[in-house]
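# Structural overview
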Amino acid sequence: MFVRTMYVTGDPAEIEGAIDRLRNEGVPAVSKLPGFKGVGLFADRELGKLMSGTWWESEQADRDSDAELADKRAEWISPFARTVTVDHWEAAFSTQPRPQLTSGGFRMNRVDFDPKQLDRAVQAFKDSVVPGLQEIDGFLGAAMLVNRADGRGSVGMLYRDRAALIASRGPQARVRGEGVKATGATFRSMEELEVILVQ
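Residues numbered from 1 in each chain as written. Predicted model: local features only at pLDDT ≥ 70, side-chain atom pairs only at ≥ 80, totals over all residues. Heavy atoms only, no water.

## Section: the overall build of the protein
Secondary structure assignment for the protein yields five helices and eight strands. Helices (α) and strands (β) of the protein occur, in sequence order from the N terminus, as β-α-β-β-α-β-β-α-β-β-α-α-β. Over its C-alpha atoms the protein spans a radius of gyration of 16 Å, differing by no more than 12% from the 16 Å that the globule rule assigns to 199 residues. Its C-alpha atoms give the protein principal-axis dimensions of about 45 × 35 × 30 Å. Counting over 199 residues, the protein shows a buried share of 51%. Residue pairs at least 24 apart in sequence account for 79% of intrachain contacts in the protein once pairs closer than 6 positions are excluded. (Helix = DSSP H or I, 4+ residues; strand = E, 2+ residues; numbered from the N terminus. Rg over C-alpha atoms; globule rule 2.2 N^0.38 Å. Buried < 20%, exposed > 50% of the residue type's maximum accessible area, 1.4 Å probe, protein only. Contact = heavy atoms within 4.5 Å.)

Pasting the structure below:
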């Protein structure tokens with residue numbers, strides 16, 4: 001499975017229009033394309049951040065859909081978007097089945113790996129990190145995305161609601177520390193966003 005993420009920042013006063021267009025126009029359009037497997041849309045309304053992730057059955061489907069949607073994507077996030085970053089990932093692991101959500105909390109950790117040790121790190125994530133996450137109240141699922149060429153990784157975790165996300169901060173700090181040791185990762189950053197939808 002492959003995932004394309006889009007990370008957008010802009011004026012918080014203009015974010016609602018972009019959310020509405022992505023939810024009402026973008027999601028229906030992307031879901032009709034060959035190889036589509038799922039989508040997530042997340043936001044920080046206060047700071048003016050939007051993130052989306054679309055899931056594809058193959059790398060080629062990811063690339064083809066990216067080319068097809070480039071112009072439309074620009075329309076959907078205008079005039080909100082001031083910066084836009086698009087990344088392509090391999091989904092090294094995800095809990096199954098992914099939940100269907102129209103609200104909730106999302107935490108994203110960015111990490112770096114030694115590309116030569118990536119398979120070992122993925123296995124360590126499955127064996128050492130996921131069981132700890134599953135013990136946290138309100139945890140709904142996780143995905144580990146990787147770029148094998150440069151060793152970058154992104155780990156996303158879904159929670160039942162904002163309260164569960166907040167309550168998980170302490171327990172997940174422990175899991176995160178143990179996970180960094182187990183996987184040999186370099187931890188780069190952490191963000192929390194609101195779930196707009198996951199389907």
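Still to come is the rest of the account.
## Considering the packing of helix 1 (residues 15-31) against helix 2 (residues 59-77)
The contact between helix 1 and helix 2 brings their axes to 8 Å, and the two run at 155 degrees. Between helix 1 and helix 2, the angle falls in the class roughly antiparallel. Here helix 1 contributes Ala-18, Arg-21, Leu-22, Glu-25, Gly-26, Ala-29 and Val-30 to the contact with helix 2, which in turn contributes Leu-69, Glu-75, Trp-76 and Ile-77. Of the residues that constitute the contact of helix 1 with helix 2, the class distribution is seven nonpolar, one polar and three charged. (Axes fitted to C-alpha atoms, helices over the stretch in contact; angles between N-to-C directions. Parallel < 35°, antiparallel > 145°, perpendicular 65-115°, else oblique. Nonpolar A, V, L, I, M, F, W, Y, C, P; charged D, E, K, R; others polar.)

## Digging into the packing of aromatic side chains
For the coordinates displayed, the defined rule picks out four aromatic pairs. Relative to Trp-56, the ring of Phe-36 has its centre 5.7 Å away and its plane inclined at 75 degrees; by these criteria the two rings are edge-to-face. A residue pair is termed long-range when its members are at least 10 positions apart, and Phe-36 in strand 2 (residues 36-44) and Trp-56 in strand 3 (residues 49-56) qualify at 20 residues. Consider the rings of Phe-139 and Tyr-159, whose centres lie 5.9 Å apart with planes at 70 degrees: the pair is edge-to-face. Separated by 20 residues along the polypeptide, Phe-139 in strand 6 (residues 139-147) and Tyr-159 in strand 7 (residues 152-159) bring together distant segments of the chain. We classify Tyr-159 as buried; its relative accessible area is 0%. (Phe/Tyr/Trp six-rings, centres within 6.5 Å; stacked < 30°, edge-to-face > 60°.)

## Description of the pattern of salt bridges
Across all of its chains, the model carries 21 salt bridges by this definition. For Arg-110, the salt bridge is made with Glu-191, and the minimal N-O distance between the two is 2.7 Å. Of this pair, Arg-110 sits in strand 5 (residues 105-112) while Glu-191 sits in strand 8 (residues 186-198), and the two are 81 residues apart along the sequence. Given a relative accessible area of 26%, Arg-110 falls into the partly exposed group. (Salt bridge = Lys/Arg side-chain N within 4 Å of Asp/Glu carboxyl O.)

## Thoughts on helix 3 (residues 118-134)
The first and last C-alpha atoms of helix 3 sit 23 Å apart over 17 residues, in line with the 24 Å expected at 1.5 Å per residue. Residues Leu-118, Ala-121, Val-122, Ala-124, Phe-125, Val-129, Val-130, Gly-132 and Leu-133 constitute the buried set of helix 3. Buried residues along helix 3 sit in contact with strand 4 (81-94), strand 6, strand 7 and helix 5 (169-183). (Expected span 1.5 Å × (residues − 1).)

## Some points on the nonpolar core
Counting 23 residues, the largest nonpolar core has Phe-113, Phe-125, Leu-133, Phe-139, Met-144, Met-157 and Tyr-159 as the members making the most contacts within it. Considering each element in turn, this core owes the most residues, seven residues, to helix 3. Here Phe-139 is in contact with Leu-133, Gln-134, Met-157, Leu-158 and Tyr-159, once residues within four sequence places are set aside. (Core = buried A, V, L, I, M, F, W, Y, C linked by side-chain atoms within 4.5 Å.)

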